[in-house]
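# Close look at the chain arrangement
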Amino acid sequence: MTENAWMRWPSREALGPTGVSRPRRLLAWAVRLLMMALLLWAAFNQRHVGVWGALAAVAGVALACVVSWAFFRTTYAHRLVPSLALMGVLLGIAVVAEATGFRGPALVIWCGCGVAALERLPFGAAVPVATVALASYSAFTSDVWLSTAATVAGMALAGYVMRLDAEARGSAQRLLAQERAARAAEAESAALAERARIAREIHDVLAHSLSAQLVHLEAARLLIENGADRERILERVVAARGMARDGLAETRHALSALRGELTPLEDYLSALVSTADGAEVTVTGERRPLPAEASQAVRRVAQEALTNVRKHAHGARVDVRLDYSDHEVTLNVRDSGGQPGELNGSGGGYGLLGMRERAELLGGSLDAGPDEEGFVVTLKVPV
(Lines give C-alpha, C1' and ligand atoms only; values in the text may rest on other atoms or scores of the structure.)
Protein backbone atom coordinates (compact mmCIF):
# COMPACT_ATOMS: atom_id res chain seq x y z
CA MET A 1 0.00 0.00 0.00
CA THR A 2 2.85 2.43 0.89
CA GLU A 3 4.75 1.57 -2.31
CA ASN A 4 1.65 2.19 -4.39
CA ALA A 5 1.07 5.55 -2.70
CA TRP A 6 4.66 6.67 -3.32
CA MET A 7 4.76 5.50 -6.93
CA ARG A 8 1.23 6.58 -7.88
CA TRP A 9 1.09 9.23 -10.59
CA PRO A 10 -1.25 12.20 -10.47
CA SER A 11 -4.23 11.36 -12.65
CA ARG A 12 -4.24 12.36 -16.31
CA GLU A 13 -7.22 14.58 -15.60
CA ALA A 14 -5.02 16.40 -13.06
CA LEU A 15 -2.04 16.68 -15.42
CA GLY A 16 -4.06 17.70 -18.47
CA PRO A 17 -5.67 21.01 -19.36
CA THR A 18 -9.23 19.68 -19.40
CA GLY A 19 -11.46 21.42 -16.90
CA VAL A 20 -9.15 24.39 -16.42
CA SER A 21 -11.09 27.62 -16.67
CA ARG A 22 -10.11 30.27 -19.18
CA PRO A 23 -8.82 32.73 -16.54
CA ARG A 24 -6.61 30.01 -15.06
CA ARG A 25 -5.26 29.06 -18.48
CA LEU A 26 -4.44 32.70 -19.16
CA LEU A 27 -2.76 32.94 -15.74
CA ALA A 28 -0.70 29.80 -16.46
CA TRP A 29 0.50 31.19 -19.79
CA ALA A 30 1.28 34.51 -18.12
CA VAL A 31 3.44 32.70 -15.55
CA ARG A 32 5.27 30.80 -18.29
CA LEU A 33 5.93 33.98 -20.23
CA LEU A 34 7.10 35.66 -17.05
CA MET A 35 9.50 32.81 -16.36
CA MET A 36 10.88 33.04 -19.89
CA ALA A 37 11.26 36.79 -19.54
CA LEU A 38 13.10 36.33 -16.22
CA LEU A 39 15.42 33.80 -17.80
CA LEU A 40 16.22 36.12 -20.69
CA TRP A 41 16.60 39.17 -18.44
CA ALA A 42 18.86 37.28 -16.06
CA ALA A 43 20.90 36.00 -19.01
CA PHE A 44 21.41 39.38 -20.61
CA ASN A 45 21.87 41.22 -17.32
CA GLN A 46 25.44 39.99 -17.20
CA ARG A 47 28.35 42.34 -17.95
CA HIS A 48 30.47 39.66 -19.58
CA VAL A 49 27.79 38.71 -22.14
CA GLY A 50 28.89 39.43 -25.68
CA VAL A 51 27.31 38.59 -29.00
CA TRP A 52 28.19 34.92 -28.84
CA GLY A 53 27.20 34.80 -25.21
CA ALA A 54 23.84 36.33 -26.02
CA LEU A 55 23.26 33.79 -28.77
CA ALA A 56 24.24 30.97 -26.41
CA ALA A 57 21.87 32.35 -23.77
CA VAL A 58 18.98 32.50 -26.21
CA ALA A 59 19.73 28.96 -27.37
CA GLY A 60 19.86 27.77 -23.77
CA VAL A 61 16.53 29.40 -22.92
CA ALA A 62 14.94 27.92 -26.05
CA LEU A 63 16.32 24.49 -25.21
CA ALA A 64 15.01 24.76 -21.66
CA CYS A 65 11.55 25.69 -22.97
CA VAL A 66 11.50 22.73 -25.41
CA VAL A 67 12.68 20.29 -22.74
CA SER A 68 10.06 21.64 -20.30
CA TRP A 69 7.32 21.14 -22.88
CA ALA A 70 8.55 17.57 -23.49
CA PHE A 71 8.58 16.98 -19.71
CA PHE A 72 4.96 18.06 -19.48
CA ARG A 73 4.03 15.64 -22.29
CA THR A 74 5.86 12.63 -20.83
CA THR A 75 4.43 13.19 -17.36
CA TYR A 76 0.95 13.42 -18.88
CA ALA A 77 1.61 10.03 -20.53
CA HIS A 78 2.84 8.64 -17.15
CA ARG A 79 6.28 7.72 -18.58
CA LEU A 80 8.65 7.81 -15.64
CA VAL A 81 12.04 7.14 -17.25
CA PRO A 82 11.71 9.74 -20.04
CA SER A 83 10.35 12.25 -17.51
CA LEU A 84 13.34 11.74 -15.19
CA ALA A 85 15.71 11.97 -18.17
CA LEU A 86 14.21 15.29 -19.26
CA MET A 87 14.34 16.58 -15.69
CA GLY A 88 18.01 15.61 -15.66
CA VAL A 89 18.54 17.60 -18.86
CA LEU A 90 16.95 20.67 -17.25
CA LEU A 91 19.13 20.31 -14.17
CA GLY A 92 22.14 19.91 -16.46
CA ILE A 93 21.21 23.12 -18.32
CA ALA A 94 21.10 24.88 -14.95
CA VAL A 95 24.54 23.50 -14.03
CA VAL A 96 25.99 24.66 -17.37
CA ALA A 97 24.39 28.08 -16.91
CA GLU A 98 25.94 28.37 -13.44
CA ALA A 99 29.32 27.24 -14.70
CA THR A 100 29.31 29.82 -17.50
CA GLY A 101 28.34 32.68 -15.25
CA PHE A 102 24.60 32.76 -15.87
CA ARG A 103 23.64 32.29 -12.24
CA GLY A 104 20.23 33.99 -12.50
CA PRO A 105 18.83 31.60 -15.15
CA ALA A 106 20.35 28.66 -13.26
CA LEU A 107 18.56 29.62 -10.05
CA VAL A 108 15.25 30.09 -11.89
CA ILE A 109 15.57 26.67 -13.58
CA TRP A 110 16.41 24.93 -10.27
CA CYS A 111 13.36 26.45 -8.57
CA GLY A 112 11.14 25.58 -11.55
CA CYS A 113 12.39 21.97 -11.55
CA GLY A 114 11.62 21.60 -7.84
CA VAL A 115 8.08 22.92 -8.23
CA ALA A 116 7.36 20.93 -11.41
CA ALA A 117 8.68 17.69 -9.90
CA LEU A 118 6.45 17.97 -6.83
CA GLU A 119 3.45 18.84 -8.99
CA ARG A 120 3.73 16.23 -11.76
CA LEU A 121 5.89 13.26 -10.70
CA PRO A 122 5.07 10.36 -8.35
CA PHE A 123 6.17 11.20 -4.82
CA GLY A 124 8.83 8.48 -4.89
CA ALA A 125 10.56 10.32 -7.75
CA ALA A 126 9.40 13.87 -7.00
CA VAL A 127 10.97 14.12 -3.54
CA PRO A 128 14.55 13.21 -4.64
CA VAL A 129 14.36 15.41 -7.74
CA ALA A 130 12.94 18.36 -5.82
CA THR A 131 15.57 17.86 -3.11
CA VAL A 132 18.41 17.96 -5.65
CA ALA A 133 16.95 20.99 -7.45
CA LEU A 134 16.25 23.05 -4.34
CA ALA A 135 19.53 22.02 -2.70
CA SER A 136 21.35 23.24 -5.81
CA TYR A 137 19.49 26.52 -5.51
CA SER A 138 20.46 26.81 -1.84
CA ALA A 139 24.09 26.07 -2.60
CA PHE A 140 24.55 28.73 -5.24
CA THR A 141 22.21 31.54 -4.21
CA SER A 142 23.77 34.61 -2.69
CA ASP A 143 20.86 35.34 -0.34
CA VAL A 144 21.15 35.09 3.41
CA TRP A 145 20.31 31.69 4.89
CA LEU A 146 16.95 32.80 6.28
CA SER A 147 15.80 34.14 2.92
CA THR A 148 17.12 31.02 1.21
CA ALA A 149 15.26 28.74 3.63
CA ALA A 150 12.07 30.72 3.14
CA THR A 151 12.42 30.49 -0.64
CA VAL A 152 13.11 26.75 -0.58
CA ALA A 153 10.15 26.13 1.76
CA GLY A 154 7.93 28.35 -0.36
CA MET A 155 8.89 26.54 -3.59
CA ALA A 156 8.26 23.12 -2.00
CA LEU A 157 4.94 24.26 -0.59
CA ALA A 158 3.93 25.81 -3.91
CA GLY A 159 4.66 22.57 -5.76
CA TYR A 160 2.70 20.49 -3.25
CA VAL A 161 -0.28 22.89 -3.25
CA MET A 162 -0.34 22.90 -7.05
CA ARG A 163 -0.35 19.10 -6.97
CA LEU A 164 -3.29 19.03 -4.53
CA ASP A 165 -5.17 21.58 -6.61
CA ALA A 166 -4.60 19.58 -9.80
CA GLU A 167 -5.73 16.36 -8.09
CA ALA A 168 -8.89 18.05 -6.86
CA ARG A 169 -9.60 19.28 -10.37
CA GLY A 170 -8.90 15.81 -11.76
CA SER A 171 -11.29 14.23 -9.24
CA ALA A 172 -13.96 16.74 -10.22
CA GLN A 173 -13.43 15.88 -13.89
CA ARG A 174 -13.73 12.14 -13.19
CA LEU A 175 -16.90 12.64 -11.16
CA LEU A 176 -18.34 14.80 -13.93
CA ALA A 177 -17.51 12.16 -16.53
CA GLN A 178 -19.07 9.44 -14.38
CA GLU A 179 -22.18 11.54 -13.85
CA ARG A 180 -22.50 12.16 -17.57
CA ALA A 181 -22.05 8.46 -18.29
CA ALA A 182 -24.66 7.59 -15.65
CA ARG A 183 -27.10 10.10 -17.11
CA ALA A 184 -26.51 8.75 -20.61
CA ALA A 185 -27.07 5.18 -19.40
CA GLU A 186 -30.18 6.27 -17.52
CA ALA A 187 -31.54 8.03 -20.60
CA GLU A 188 -30.83 4.98 -22.74
CA SER A 189 -32.49 2.71 -20.18
CA ALA A 190 -35.52 5.01 -20.04
CA ALA A 191 -35.74 5.03 -23.83
CA LEU A 192 -35.59 1.22 -23.96
CA ALA A 193 -38.21 0.95 -21.21
CA GLU A 194 -40.46 3.38 -23.09
CA ARG A 195 -40.03 1.38 -26.30
CA ALA A 196 -40.93 -1.81 -24.44
CA ARG A 197 -43.97 -0.09 -22.96
CA ILE A 198 -45.13 1.13 -26.37
CA ALA A 199 -44.61 -2.36 -27.80
CA ARG A 200 -46.68 -3.91 -25.00
CA GLU A 201 -49.47 -1.41 -25.44
CA ILE A 202 -49.70 -1.86 -29.19
CA HIS A 203 -49.43 -5.64 -28.85
CA ASP A 204 -52.21 -5.77 -26.26
CA VAL A 205 -54.50 -3.57 -28.33
CA LEU A 206 -53.94 -5.53 -31.52
CA ALA A 207 -54.17 -8.89 -29.78
CA HIS A 208 -57.47 -7.96 -28.15
CA SER A 209 -58.96 -6.43 -31.31
CA LEU A 210 -57.83 -9.15 -33.70
CA SER A 211 -58.91 -11.90 -31.30
CA ALA A 212 -62.41 -10.43 -31.11
CA GLN A 213 -62.58 -10.07 -34.88
CA LEU A 214 -61.44 -13.68 -35.25
CA VAL A 215 -64.29 -14.80 -33.01
CA HIS A 216 -66.93 -13.25 -35.26
CA LEU A 217 -65.27 -14.12 -38.56
CA GLU A 218 -64.82 -17.74 -37.50
CA ALA A 219 -68.44 -17.79 -36.41
CA ALA A 220 -69.45 -16.45 -39.81
CA ARG A 221 -67.42 -19.20 -41.48
CA LEU A 222 -69.12 -21.88 -39.40
CA LEU A 223 -72.52 -20.42 -40.15
CA ILE A 224 -71.77 -20.48 -43.87
CA GLU A 225 -70.58 -24.11 -43.67
CA ASN A 226 -73.75 -25.06 -41.78
CA GLY A 227 -75.97 -23.30 -44.31
CA ALA A 228 -77.30 -20.67 -41.94
CA ASP A 229 -79.49 -17.88 -43.21
CA ARG A 230 -78.06 -14.67 -44.59
CA GLU A 231 -79.14 -12.50 -41.65
CA ARG A 232 -77.16 -14.49 -39.09
CA ILE A 233 -74.03 -14.47 -41.25
CA LEU A 234 -74.37 -10.75 -41.88
CA GLU A 235 -74.75 -10.18 -38.16
CA ARG A 236 -71.38 -11.79 -37.53
CA VAL A 237 -69.68 -9.88 -40.32
CA VAL A 238 -71.10 -6.59 -39.07
CA ALA A 239 -69.89 -7.48 -35.55
CA ALA A 240 -66.38 -8.18 -36.91
CA ARG A 241 -66.43 -4.81 -38.65
CA GLY A 242 -67.46 -3.19 -35.38
CA MET A 243 -64.59 -4.91 -33.63
CA ALA A 244 -62.17 -3.57 -36.26
CA ARG A 245 -63.56 -0.08 -35.70
CA ASP A 246 -63.25 -0.51 -31.94
CA GLY A 247 -59.70 -1.74 -32.43
CA LEU A 248 -58.77 1.43 -34.25
CA ALA A 249 -60.37 3.45 -31.49
CA GLU A 250 -58.47 1.47 -28.88
CA THR A 251 -55.21 2.05 -30.76
CA ARG A 252 -55.87 5.78 -30.70
CA HIS A 253 -56.73 5.52 -27.03
CA ALA A 254 -53.47 3.64 -26.31
CA LEU A 255 -51.45 6.29 -28.12
CA SER A 256 -53.25 8.98 -26.13
CA ALA A 257 -52.48 7.07 -22.94
CA LEU A 258 -48.82 6.92 -23.88
CA ARG A 259 -48.93 10.69 -24.17
CA GLY A 260 -50.44 10.89 -20.69
CA GLU A 261 -53.97 11.68 -21.88
CA LEU A 262 -55.75 8.97 -19.86
CA THR A 263 -59.45 9.08 -19.13
CA PRO A 264 -60.44 8.27 -15.53
CA LEU A 265 -60.24 4.55 -14.87
CA GLU A 266 -63.77 4.33 -13.50
CA ASP A 267 -65.22 5.99 -16.60
CA TYR A 268 -63.26 3.63 -18.82
CA LEU A 269 -64.57 0.53 -17.01
CA SER A 270 -68.12 1.86 -17.15
CA ALA A 271 -67.83 2.41 -20.89
CA LEU A 272 -66.28 -1.03 -21.31
CA VAL A 273 -69.03 -2.97 -19.53
CA SER A 274 -71.75 -0.97 -21.29
CA THR A 275 -70.99 -3.02 -24.41
CA ALA A 276 -71.51 -6.32 -22.56
CA ASP A 277 -74.92 -7.61 -21.54
CA GLY A 278 -75.39 -8.34 -17.84
CA ALA A 279 -72.15 -6.64 -16.72
CA GLU A 280 -71.88 -4.27 -13.77
CA VAL A 281 -69.06 -2.19 -12.27
CA THR A 282 -68.51 -1.59 -8.56
CA VAL A 283 -65.82 0.73 -7.23
CA THR A 284 -64.78 0.68 -3.56
CA GLY A 285 -62.15 2.57 -1.62
CA GLU A 286 -60.88 6.10 -2.01
CA ARG A 287 -60.60 6.92 -5.69
CA ARG A 288 -57.31 8.49 -6.82
CA PRO A 289 -55.24 8.78 -9.99
CA LEU A 290 -52.99 5.82 -10.71
CA PRO A 291 -49.58 5.72 -12.41
CA ALA A 292 -49.89 5.27 -16.17
CA GLU A 293 -48.48 1.72 -16.15
CA ALA A 294 -50.80 0.55 -13.35
CA SER A 295 -53.83 2.17 -14.99
CA GLN A 296 -53.04 0.58 -18.34
CA ALA A 297 -52.61 -2.83 -16.71
CA VAL A 298 -56.07 -2.60 -15.12
CA ARG A 299 -57.64 -1.55 -18.42
CA ARG A 300 -56.01 -4.33 -20.43
CA VAL A 301 -56.93 -7.05 -17.91
CA ALA A 302 -60.54 -5.85 -17.84
CA GLN A 303 -60.61 -5.95 -21.65
CA GLU A 304 -59.13 -9.42 -21.82
CA ALA A 305 -61.40 -10.80 -19.10
CA LEU A 306 -64.59 -9.49 -20.78
CA THR A 307 -63.41 -10.83 -24.14
CA ASN A 308 -62.92 -14.26 -22.58
CA VAL A 309 -66.41 -14.10 -21.07
CA ARG A 310 -67.94 -13.39 -24.49
CA LYS A 311 -65.83 -16.15 -25.98
CA HIS A 312 -66.23 -18.92 -23.41
CA ALA A 313 -69.35 -18.05 -21.38
CA HIS A 314 -71.61 -16.16 -23.73
CA GLY A 315 -74.55 -14.57 -21.95
CA ALA A 316 -73.08 -14.93 -18.45
CA ARG A 317 -73.60 -12.25 -15.85
CA VAL A 318 -70.33 -10.38 -15.13
CA ASP A 319 -69.37 -8.49 -11.99
CA VAL A 320 -66.42 -6.10 -12.34
CA ARG A 321 -65.11 -4.84 -9.01
CA LEU A 322 -62.36 -2.23 -8.59
CA ASP A 323 -60.99 -1.77 -5.08
CA TYR A 324 -58.61 1.00 -3.98
CA SER A 325 -56.59 0.20 -0.87
CA ASP A 326 -53.69 2.01 0.76
CA HIS A 327 -50.88 0.38 -1.18
CA GLU A 328 -52.50 -1.42 -4.11
CA VAL A 329 -55.44 -1.50 -6.48
CA THR A 330 -57.36 -4.72 -7.08
CA LEU A 331 -59.46 -5.60 -10.11
CA ASN A 332 -61.81 -8.56 -9.82
CA VAL A 333 -63.77 -9.80 -12.84
CA ARG A 334 -66.17 -12.64 -12.01
CA ASP A 335 -68.69 -14.27 -14.33
CA SER A 336 -71.62 -16.48 -13.40
CA GLY A 337 -70.70 -19.16 -15.92
CA GLY A 338 -72.50 -20.12 -19.07
CA GLN A 339 -72.40 -22.25 -22.13
CA PRO A 340 -69.22 -22.05 -24.21
CA GLY A 341 -69.66 -20.17 -27.45
CA GLU A 342 -69.24 -21.63 -30.87
CA LEU A 343 -65.56 -20.63 -30.82
CA ASN A 344 -64.50 -22.00 -27.48
CA GLY A 345 -61.37 -23.49 -29.03
CA SER A 346 -60.34 -20.53 -31.16
CA GLY A 347 -57.48 -18.18 -30.36
CA GLY A 348 -54.01 -18.83 -29.01
CA GLY A 349 -54.81 -18.56 -25.30
CA TYR A 350 -51.95 -16.18 -24.56
CA GLY A 351 -54.02 -13.18 -23.41
CA LEU A 352 -54.01 -13.87 -19.68
CA LEU A 353 -50.41 -15.01 -19.84
CA GLY A 354 -49.44 -11.64 -21.29
CA MET A 355 -51.48 -9.87 -18.63
CA ARG A 356 -49.76 -11.90 -15.91
CA GLU A 357 -46.35 -10.89 -17.29
CA ARG A 358 -47.45 -7.25 -17.36
CA ALA A 359 -48.59 -7.46 -13.72
CA GLU A 360 -45.34 -9.09 -12.61
CA LEU A 361 -43.32 -6.35 -14.31
CA LEU A 362 -45.15 -3.88 -12.07
CA GLY A 363 -44.54 -5.97 -8.97
CA GLY A 364 -48.13 -7.23 -8.85
CA SER A 365 -49.91 -10.51 -9.53
CA LEU A 366 -52.70 -11.93 -11.65
CA ASP A 367 -54.73 -15.01 -10.74
CA ALA A 368 -57.25 -16.61 -13.06
CA GLY A 369 -59.29 -19.76 -12.58
CA PRO A 370 -62.75 -21.27 -12.05
CA ASP A 371 -64.75 -20.77 -8.89
CA GLU A 372 -68.03 -22.20 -7.63
CA GLU A 373 -70.10 -20.64 -10.43
CA GLY A 374 -67.95 -19.47 -13.28
CA PHE A 375 -64.51 -17.96 -13.83
CA VAL A 376 -62.63 -15.31 -11.81
CA VAL A 377 -59.75 -13.04 -12.87
CA THR A 378 -58.05 -11.10 -10.06
CA LEU A 379 -55.37 -8.47 -10.69
CA LYS A 380 -53.39 -6.81 -7.89
CA VAL A 381 -51.04 -3.95 -8.69
CA PRO A 382 -49.04 -1.95 -6.10
CA VAL A 383 -49.41 1.83 -6.32
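Computed from a predicted model, the values in this text were never measured in an experiment.

## Considerations on the packing of aromatic side chains
Across all of its chains, the model carries three aromatic pairs by this definition. Plain terms: the ring middles of F71 and F72 are 6.2 Å apart, the flat faces sit at 85 degrees to each other, and that makes the pair edge-to-face. On the basis of relative accessible area, F72 is assigned to the partly exposed category, the value being 30%. Residues F123 and Y160 carry aromatic rings whose centres are separated by 6.1 Å and whose planes lie at 40 degrees to one another, so their mutual orientation is tilted. In this pair, F123 sits in helix α7 (residues 123-140) while Y160 sits in helix α8 (residues 145-225), placing the two residues 37 residues apart along the sequence. By relative accessible area, F123 is classed as partly exposed at 23%. The side chain of R12 reaches across the aromatic face of Y76, ending 5.9 Å from its centre.

## Remarks on helix α6 (residues 103-120)
The end-to-end C-alpha distance of α6, which contains 18 residues, comes to 26 Å, matching closely the 26 Å that a straight helix rising 1.5 Å per residue would cover. Of all 18 residues in α6, 15 are buried, a share of seventy percent or more.

## Points about the confidence of the model for the protein
When pLDDT is averaged along the protein, the result is 79, and 82% of the positions lie at 70 or above. Segment residues 342-350: pLDDT under 50, and 16 contacts once partners within four positions in sequence are set aside and those in other chains are kept.

## Examining the pairing of strand β4 (residues 365-370)
Regular strands have side chains that alternate between both faces of the sheet. Two strands pair when backbone bridges link them, and β4 and strand β5 (residues 375-382) are joined in this way by six bridges, in the antiparallel orientation. Within β5, the residue paired with P370 across the bridge is F375. Here β4 folds back onto β5, and the loop between the two strands holds four residues.

## So, a nonpolar patch on the surface
Taken together, the side chains of W6, M7 and V127 make up a nonpolar region of the molecular surface, amounting to roughly 270 Å² of accessible area. You can see V127 is positioned in helix α7. What makes V127 partly exposed here is its relative accessible area of 35%.

## Re unusual backbone geometry
Even without glycine at this site, H78 takes up a positive phi of about 60 degrees. Counting through the fold element by element, H78 comes out in the loop between α4 (51-76) and α5 (80-99). Residue class for H78 comes out partly exposed when judged on its relative accessible area of 27%.

## Digging into the nonpolar core
Nonpolar side chains tend to gather and get buried jointly when the protein is soluble and globular. Ranked by size, the top nonpolar core spans 30 residues in total, and within it L322, L331 and L379 carry the most contacts. Of all the elements in the fold, those that place two or more residues in this core are α10 (265-273), α11 (292-312), β2 (318-324), β3 (328-335), α12 (351-361) and β5. With seven residues, α11 is the largest single contributor of residues to this core. L322 has contacts with L265, E266, L269, T282, V283, T284, V298, V329, T330 and L331, leaving out every residue within four places of it along the chain. Listed in part, the 28 residues of the second largest apolar core include A64, A70, W110 and A126.

## Focus: the sheet that holds β3
One open sheet holds the five strands; their spatial order is β1-β2-β3-β5-β4, and the pairing between them is mixed. Whereas interior strands pair on both sides, the edge strands pair on one side only; in this sheet they are β1 (279-284) and β4. Each strand axis lies, on average, 10 degrees off the axis of its neighbour in the sheet, ignoring direction. Inspection of the sheet shows β1 paired to β2 by six bridges, in the parallel sense. Its bridge partner lying in β2, E280 is registered against D319.

Procedures and definitions
Residues numbered from 1 in each chain as written. Predicted model: local features only at pLDDT ≥ 70, side-chain atom pairs only at ≥ 80, totals over all residues. Heavy atoms only, no water. Phe/Tyr/Trp six-rings, centres within 6.5 Å; stacked < 30°, edge-to-face > 60°. Buried < 20%, exposed > 50% of the residue type's maximum accessible area, 1.4 Å probe, protein only. Helix = DSSP H or I, 4+ residues; strand = E, 2+ residues; numbered from the N terminus. Lys NZ or Arg CZ within 6 Å of the ring centre and 35° of its normal. Expected span 1.5 Å × (residues − 1). pLDDT = per-residue confidence, 0-100. Contact = heavy atoms within 4.5 Å. Pairing = 2+ DSSP bridges. Patch = residues over 30% accessible without salt bridge, like charges linked within 9 Å, V, L, I, M, F, W, Y side chains within 5 Å. Areas by Shrake-Rupley, 256 points an atom, 1.4 Å probe, with all protein chains shown as cover. Salt bridge = Lys/Arg side-chain N within 4 Å of Asp/Glu carboxyl O. Core = buried A, V, L, I, M, F, W, Y, C linked by side-chain atoms within 4.5 Å. Axes fitted to C-alpha atoms, helices over the stretch in contact; angles between N-to-C directions.

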